[in-house]
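Reading the structure
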Amino acid sequence: MEKEIDKNAVVLKNDENAGAVQIADDVVGMIAALAATEVPGVSSMAGNITNDFLSRAGMKKLSRCVRVTALNGSVTVDLALIMEYGYNIPAACQKVQGKVKSAIENMTGLTCTDVNIRIAGVKVK
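Residues numbered from 1 in each chain as written. Predicted model: local features only at pLDDT ≥ 70, side-chain atom pairs only at ≥ 80, totals over all residues. Heavy atoms only, no water.

Moving on, we come to the pattern of salt bridges. Counted under the stated rule, the structure contains 3 salt bridges. Residue glutamate 38 is joined to lysine 99 by a salt bridge in which the shortest nitrogen-to-oxygen separation is 3.3 Å. In this pair, glutamate 38 is assigned in the loop between α1 (25-37) and β3 (42-45) and lysine 99 in helix α3 (residues 89-108), connecting sequence segments 61 residues apart. Overall, the relative accessible area of 48% leaves glutamate 38 in the partly exposed class. (Salt bridge = Lys/Arg side-chain N within 4 Å of Asp/Glu carboxyl O. Helix = DSSP H or I, 4+ residues; strand = E, 2+ residues; numbered from the N terminus. Buried < 20%, exposed > 50% of the residue type's maximum accessible area, 1.4 Å probe, protein only.)

A few words now on the nonpolar core. Ranked by size, the top nonpolar core spans 29 residues in total, and within it Leu79 and Val100 carry the most contacts. Of all the secondary-structure elements, those providing two or more residues to this core are α1, β3, β4 (66-71), β5 (74-84), α3 and β6 (111-123). Each residue touching valine 100, except ones within four places of it in the same chain, is listed here: Ala32, Ala35, Ala36, Leu79 and Val115. (Core = buried A, V, L, I, M, F, W, Y, C linked by side-chain atoms within 4.5 Å. Contact = heavy atoms within 4.5 Å.)

Further remarks concern α1. Since the α-helix turns once every 3.6 residues, residues separated by three or four places project in the same direction. For α1, spanning 13 residues, the distance from its first C-alpha to its last is 18 Å, which sits close to the expected 18 Å at 1.5 Å a residue. α1 sits mainly inside the fold: 10 of its 13 residues count as buried. By the burial criterion, the buried members of α1 are Asp25, Val28, Gly29, Met30, Ile31, Ala32, Ala33, Ala35, Ala36 and Thr37. (Expected span 1.5 Å × (residues − 1).)

The structure is reproduced here in structure tokens:
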């Protein structure tokens, strides 16, 4: 019996005896967005999606600022961020890349090959 596998999900384990474990791309995107907004200097995701908003509202509007591409157990993430004025953008982005990569790999077991960041704006206090 062949089981249908969701095209917008990454298969972690596909065992004939126990079944399949899938993680939706949106879940990987949520992990990436939450990790990115925890880094000092990141004001929000593009569209003013803050860490608090992500926690309460879930995955609505997430597709505007996070894109996940999965291929053979590897994941590439594209993020659009709003930075806070006064922070070193390259240094903050390097921290975001490390934190997002670590969060995805630790929580899902997938290999995160790339974390691409686009600065969509700068927030002035």
